[in-house]
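Residue-level listing of the chains:
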Amino acid sequence: NLNFYLPHLDLSNRRNYHTNSKLLFKPRYYCTEIAKINSDENKIAWFLTGFTDGEGSFQLSLVKNNKCNAGYSSQLYFQILMHKKDKGILELFQSKWGVGNLKDKAIDAIGFTVTGINNIKVVIDHFDKYPLITQKWGDFQLFKRAFYIIESKEHLTVEGIKKLITIKASMNKGLSNELKLAFPDIIPVKRPLLQDQEIRDPYWLSGFTSAEGS
C-alpha cells in the first residue's frame, strides 16, 4: 500500500521519528510513507487531481505514417514527469488507477505514462468524477474529444485525422511546424475555458501544493 503526506499531520516532533517508525522523516520532501489514508478513496482521488492540475499533461500525438490509410497514426497519452526522489507519488497514481508505466527519462527524472484506449478511459473516468480546476481542464476536454474520435475508429479516415488536427491545434503548445505545413487550412477548435473555479476539496489543495507550491 502506498501512502502520502497531507497537510493536517502534525510533524512538529519530526526529530523524534526513527528508522523503525512508520513516520520516517526525510529532509527536503515528505516520503510516501508519512500518512496512511488509503482507506479513503476520495482523499486520494482529490490529491491526484490536484497534483495533475500542477504537473500532469494531456497529449495527442500525430505522426506521419504511410502504412496508415489516413496517412497519419495517432496516439493519446497522459504523462507526469518528476524528479526521481518523488517516484512514490507516481507509484501512487499507478497503484490507484491500475494502469500506466514508470520509466526513467533522464539521470534524475522519471515519467509516469498512460497509453492505450482502455487505459486512457480509466484516466478520463477519474477526471470526470474528480474534475480539474485550473485551465488544464481545457486540455482535458479536448483530450476527451479526441478520445471519442479514436475510440470510434474515426481516426482511421482522412476526415478523422483532420478533426484530430483541429483539436491538437488548441491543446498545449499547438501544432508542430511539420503539421502546420501539412495542414495549412486547419481552423483550430475553440479551446474550452473554465469559469467559476472553486476548490472542492482540501486534498486537491494538498496535491496542487505538492506539485506547484514553494
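The present account deals with the structure reproduced in this document. None of these values were measured; they are calculated from a predicted model. Throughout, a residue's number is its position along its own chain's written sequence, starting from 1. Local features are withheld for residues below a pLDDT of 70 in this predicted model, meaning they are given only at 70 or higher, and side-chain atom pairs are given and counted only at 80 or more; totals for whole chains, interfaces and linings count all residues. Based on all heavy atoms of the structure, the side-chain values leave hydrogens and waters out of the count.

1. Considering the overall build of the protein
Our working rule: What counts as a helix is a DSSP run of H or I of at least four residues, what counts as a strand is a run of E of at least two, and both are numbered from the N terminus. Computed by Shrake-Rupley with a 1.4 Å probe, the accessible areas treat only the displayed protein chains as cover when residues are assessed.
Within the protein one finds seven helices and four strands. Working note: accessible area of the protein is about 12,200 Å², and carbon and sulfur atoms make up 47% of it.

2. Quick word on the sheet that holds strand β4 (residues 109–115)
Worth spelling out the cut-off: When DSSP locates at least two bridges between a pair of strands, those strands are taken to pair. Between N-to-C directions, angles cover 0 to 180 degrees, with each direction set by a line fitted to C-alpha atoms, over the stretch in contact for helices. The contact criterion used throughout is that any non-hydrogen atoms of two residues lie within 4.5 Å.
Strand order across the open sheet formed by four strands is β1-β2-β4-β3, with antiparallel pairing between neighbours. Both outer strands of the open sheet, β1 (57–64) and β3 (101–104), are each paired with one neighbouring strand and no more. Put simply, the sheet's adjacent strands are angled 35° from each other on average, direction ignored. In the packing of helix α1 (residues 41–55) onto the sheet, contacts are made with β1 and β2 (72–83), and the angle to β2 comes to roughly 105°. Each of β1, β2 and β4 is contacted by helix α3 (residues 117–129), which is oriented at about 100° to β4, the strand it contacts most.

3. With respect to the side chain of Asp-53
Put simply, the rule is: Summary of the burial criterion: residues with accessible area below 20% of their type's maximum are buried, those above 50% are exposed, and those between are partly exposed, where the area comes from a 1.4 Å probe applied to protein chains only. For the charge count, each Lys or Arg is scored as positive and each Asp or Glu as negative, with His and the chain ends excluded. We count a salt bridge whenever a side-chain nitrogen from Lys or Arg sits within 4 Å of a carboxyl oxygen from Asp or Glu.
For Asp-53, the location among the structural elements is in helix α1. As a buried residue without a salt bridge, Asp-53 has its nearest oppositely charged side chain in Lys-136, at a separation of 6.0 Å. In this structure Asp-53 touches Leu-132, Ile-133, Thr-134, Lys-136, Trp-204 and Phe-208, once residues within four positions along its chain are discounted.

4. Brief notes about the packing of α1 against helix α2 (residues 87–97)
The line we're drawing: Note that the term roughly parallel is reserved for angles under 35 degrees, roughly antiparallel for angles over 145, roughly perpendicular for angles of 65 to 115, and oblique for everything else. By definition, any crossing whose near helix is turned counterclockwise from its far helix by less than a right angle is left-handed, and any crossing with a clockwise turn is right-handed.
Taken N-terminus to C-terminus, the directions of α1 and α2 make an angle of 125°; their axes are 11 Å apart at the nearest point. It follows that α1 is oblique to α2 by the angle criterion. The crossing of α1 and α2 is left-handed. For the pair α1 and α2, the contacting residues are Glu-41, Ile-44, Phe-47, Leu-48, Phe-51 and Thr-52 in the first and Ile-89, Leu-92, Phe-93, Lys-96 and Trp-97 in the second.

5. Quick word on the environment of Ser-61
As for its placement among the helices and strands, Ser-61 is situated in strand β1. The partly exposed category is assigned to Ser-61, whose relative accessible area is 22%. Ser-61 sits 15 residues away from Leu-76 along the chain, and the two C-alpha atoms are 6.3 Å apart. When sequence neighbours within four positions are dropped, the list of residues in contact with Ser-61 reads Ser-73, Ser-74, Gln-75 and Tyr-77.

6. A word on the pairing of β2
Sheet topology places β1 next to β2; eight bridges connect them, and they run antiparallel. Within the sheet, the bridge partner assigned to Lys-64 lies in β2 and is Tyr-72. Pairing geometry for β2 and β4, over seven bridges, is antiparallel. Bridge assignment links Ile-80 to a residue of β4, and that residue is Phe-112.

7. Observations concerning the nonpolar core
Our working definition: Take the buried residues of types Ala, Val, Leu, Ile, Met, Phe, Trp, Tyr and Cys, join any two whose side-chain atoms come within 4.5 Å, and each joined set is a nonpolar core.
Counting residues in each nonpolar core, the largest one holds 46 residues, and the members touching the most others are Phe-78 and Trp-97. If you list the elements that add at least two residues to this core, you get α1, β1, β2, α2, β4, α3, α4 (136–151) and α5 (158–168). For this core, the element with the highest residue contribution is α4, accounting for seven residues. In contact with Trp-97, not counting residues within four places along its chain, are Leu-48, Phe-78, Phe-112, Val-114, Val-122, Val-123, His-126 and Phe-127. In this structure, Tyr-130, Ile-133, Tyr-203 and Trp-204 belong to the second largest nonpolar core, which totals six residues.

8. Some words on unusual backbone geometry
Although it is not a glycine, Lys-153 adopts a positive phi angle of roughly 70°. The residue Lys-153 is located in the loop between α4 and α5 in this model. For Asn-172, which is not glycine, the phi dihedral falls at a positive 50°. Of note, Asn-172 is situated in the loop between α5 and α6 (177–182).

Functional significance is not addressed by these values, which are geometric in nature.
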